[in-house]
Each structure stands twice: as C-alpha cells, then as structure tokens.
Amino acid sequence: MNYQDDIPLAKRVKSIKTITIKSFLRIGLLSIALGISLTYLATKSVLRQTKFLNNENNLIEETKDLSLLGHLPYPEASIDELILYSPGIYVHKDIYENLKEMQFRAAQKGISLQLLSGYRSINLQKDIFYENKSIRNQTAVERSMVSAPPGYSEHSTGYAIDVGDGDFPNTHFEVEFEQTPAFKWMKKFATKYHFVLSFPPNNKQGVTYEPWHWRFEGTVNALRKFEAANKITKFK
Ligand SMILES: [Zn+2]
C-alpha cells in the first residue's frame, strides 16, 4: 500500500524535498564525523609508531652503551647452577639434557659432535684474553674481535658452548669448522635443541664470525641473559 496517496500533491512534493535536504545534511554531518575520526585514528597510530620506534632506538642505544668492544656484559653462573658435563667441562644445568640429546642424535647420523668448552669463569676468561693478547701481539681492540674481555663472555653464563667435529680436530676454533659435517648438522638441527649461533657472519655486534660458538636460549632465564644481544641483532 502506498501511504502517500492520501497526501495532496503539493504537500507530497514539499515533504520529499524536506526529506532530501535532511538526508543531505545527515550524510554531510556523517562524512565530517567520519573524516574527523579517521584523521584522529591515523594521527594516533603515527604517534604510537613514532613512540615505539623511539623506544626501540633508546633500547638499542642503551644496549650499545653497555657493550665493551662489541661484547656485552654477562654475569657469572653460580656454582649450584653448574654441572660437570664431560672431563673438565662444566655447563649450566639447564642445557645438560638438550646437549646430551643433541650429541646423541648427531651420533646416530655418524657425526662426532664434540664439546670443546662450556662454562668459563671470569678469571679464566681474564687469562685467555690477556694471555692470547700477549702471545699474538695484538691490541685489546684486535683481540676483542676474536675473544671477549673478562666479564663480557657468554661463556660465563654457562649457557654458551664451543663445539667441534671430532673427526676433523684441525678445524677446532677455526672458520673451516663450517665445512665439517658437525657444523652442517648443527646449522640444520641446533634450533630444535634451542641452540643458536651467537656470532654469525657479519653479525651486528661486530664480533668475528665464530661457527663453533653457540648459546642456549631454551629457558626464560637463558633468554633473559641474551635479551640485549638479541635486541642488537634484531633492530640495529
Ligand atoms: Zn665460545
């Protein structure tokens, strides 16, 4: 039923006109409101993004400030956190099972994944850093490219390990280790056991490539220790 049939033509025209003007006004107001809302949201998003980027930049700057010759400070693991893994080599007890499992799985593929070093006390790192420096006649800056200054080694946390290929001992602590079956296996499977390469080629920390040096990131505690290092890697 058409209800407008009961309204006289003149009135009908007027009412249509009024409706049209009202509609235009309503659409106009809605558009303005929508425009304001969108502008507000866009501005807010840009501000938020700027704030986020600023925060990240501050974090990177703070992280860089902490580092000494590219290396970051690490606390020494306490005695009760350590466990003897193999003759003369202690590691953080949190990595024990993963390390055992990783070596076992590699051995099943005929690979001799050898643990060369684990936990190092700050004192031992002191000996390594200064002893090698005098032997190789390098300056502290040159030495820091290949070894962390005492107090700045991932090894003092007990979460870092140096590995080698037992079948290719001449590649121990050498870049050539990357050509061994042990390294190739690690590259493929180490993350499964929560081990990551600390100093890949051209790393953002500026430390020389160390294919033998891996750190464990499989617990919240471990991850917290390497948070600063991961920030540099991700955002720099
Ligand atoms: Zn190492």
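Computed from a prediction, not measured in an experiment: that's the story for all the values here.

Q: I keep staring at the overall build of the protein and nothing clicks. Help me out?
A: The helix and strand tally for the protein stands at seven helices and six strands. For the protein, the α and β elements follow one another from N to C terminus as α-β-β-α-β-α-α-β-α-β-β-α-α. Burial analysis of the protein (236 residues in total) assigns 27% to the buried set. The contacts of the protein with a sequence gap of at least 6 include a subset with a gap of at least 24, amounting to 67%.

Q: Teacher, can you tell me more about the sheet that holds strand β4 (residues 160-165) here?
A: Neighbouring strands of a sheet are bound in pairs by backbone hydrogen bonds; such pairs are parallel or else antiparallel. Spatial strand order, β3-β4-β6-β5: four strands in an open sheet with antiparallel pairing. The two strands at the open ends of the sheet, each matched to only one other strand, are β3 (113-117) and β5 (195-197). Neighbour-to-neighbour, the strand axes of the sheet open up by a mean angle of 45 degrees, direction not taken into account. Taken together, the three bridges between β4 and strand β6 (residues 213-216) define a ladder with antiparallel strand orientation. Along β6, the bridge assignment pairs Ala160 with Arg215. Each of β3, β4 and β6 is contacted by helix α5 (residues 181-189), which is oriented at about 135 degrees to β4, the strand it contacts most.

Q: Explain helix α2 (residues 96-108) here, please?
A: Since the α-helix turns once every 3.6 residues, residues separated by three or four places project in the same direction. Given a rise of 1.5 Å per residue, 13 residues ought to cover 18 Å, and the 19 Å separating the end C-alpha atoms of α2 matches this to within 8%. Buried within α2 we find Leu99, Met102 and Ala106. Mapping the buried residues of α2 onto a view down its axis gives an arc of 65 degrees, with all of them on the same face. In α2, those exposed residues whose orientation departs by more than 90 degrees from the buried face are Glu97, Lys100, Glu101, Phe104, Ala107 and Gln108.

Q: Please clarify how α5 should be interpreted in this entry.
A: Residues of α5 that are buried include every one of Ala182, Phe183 and Met186, and no others. Projection of α5 onto a plane perpendicular to its axis shows the buried side chains occupying an angular sector of 95 degrees, all on one side. Of the residues in α5, the exposed ones pointing more than 90 degrees away from the buried face are Lys187 and Lys188. The secondary structure elements touched by the buried residues of α5 are α2, β3, β4 and β6.

Q: Would you explain the nonpolar core in this entry?
A: Soluble globular proteins tend to bury their nonpolar side chains together. Val163 and Ala182 are the most contacted members of the largest nonpolar core, which has 33 residues in total. Sorting the residues of this core by element identifies α2, β4, α5, β6 and α7 (227-235) as the ones contributing at least two each. Once residues lying within four places of it in the same chain are set aside, the contact partners of Ala182 are Ala106, Ile111, Ser112, Leu113, Val163, Gly164 and Asp165.

Q: Whenever I open this one, unusual backbone geometry confuses me. Can you help?
A: The phi torsion of most residues other than glycine is negative, and most of the peptide bonds are trans. With a phi close to 70 degrees, His194 is a non-glycine residue in the positive phi region. For His194, the location among the structural elements is in the loop between α5 and β5.

Q: In this structure, what is going on with the pairing of β4? I would like to understand it.
A: A regular strand carries its side chains on alternate faces of the sheet. Most of β4 is tucked away, with six of its six residues classed as buried. Side chains Ala160, Asp162 and Gly164 project from β4 onto one buried face, and the interleaved Ile161, Val163 and Asp165 project onto a second face that is buried too.

Q: Help me out: how do you make sense of the environment of Gly88 in this one?
A: By the element assignment, Gly88 lies in the loop between β1 (82-86) and β2 (89-92). Gly88 sits in the exposed class, given 8 other C-beta atoms within 10 Å. Separated by 29 residues in sequence, Gly88 and Ser117 have C-alpha atoms that sit 8.7 Å apart.

Q: In this structure, what is going on with the environment of Gly164? I would like to understand it.
A: By secondary structure assignment, the location of Gly164 is in strand β4. Once the C-alpha coordinates of Gly164 and Glu174 are considered, the two residues, 10 residues apart in sequence, prove to be 9.3 Å apart. Among residues more than four places away in sequence, those in contact with Gly164 are Gln114, Leu116, Pro169, Thr171, His172, Phe177, Ala182 and Trp212.

Q: How should I be thinking about the environment of Ala190 in this particular structure?
A: Mapped onto the elements, Ala190 comes out in the loop between α5 and β5. Here the alpha-carbon distance between Ala190 and Leu99, two residues 91 residues apart in the chain, equals 9.5 Å. In this structure Ala190 touches Phe195 and Trp214, once residues within four positions along its chain are discounted.

Rules and cut-offs
- Residues numbered from 1 in each chain as written.
- Predicted model: local features only at pLDDT ≥ 70, side-chain atom pairs only at ≥ 80, totals over all residues.
- Helix = DSSP H or I, 4+ residues; strand = E, 2+ residues; numbered from the N terminus.
- Buried ≥ 20, exposed ≤ 12 C-beta atoms within 10 Å, placed from the backbone.
- Contact = placed C-beta atoms within 7 Å.
- Pairing = 2+ DSSP bridges.
- Axes fitted to C-alpha atoms, helices over the stretch in contact; angles between N-to-C directions.
- Expected span 1.5 Å × (residues − 1).
- Arc of directions from axis to C-beta.
- Core = buried A, V, L, I, M, F, W, Y, C linked by C-beta atoms within 7 Å.

The quantities given are spatial measurements derived from coordinates; they are silent on function.
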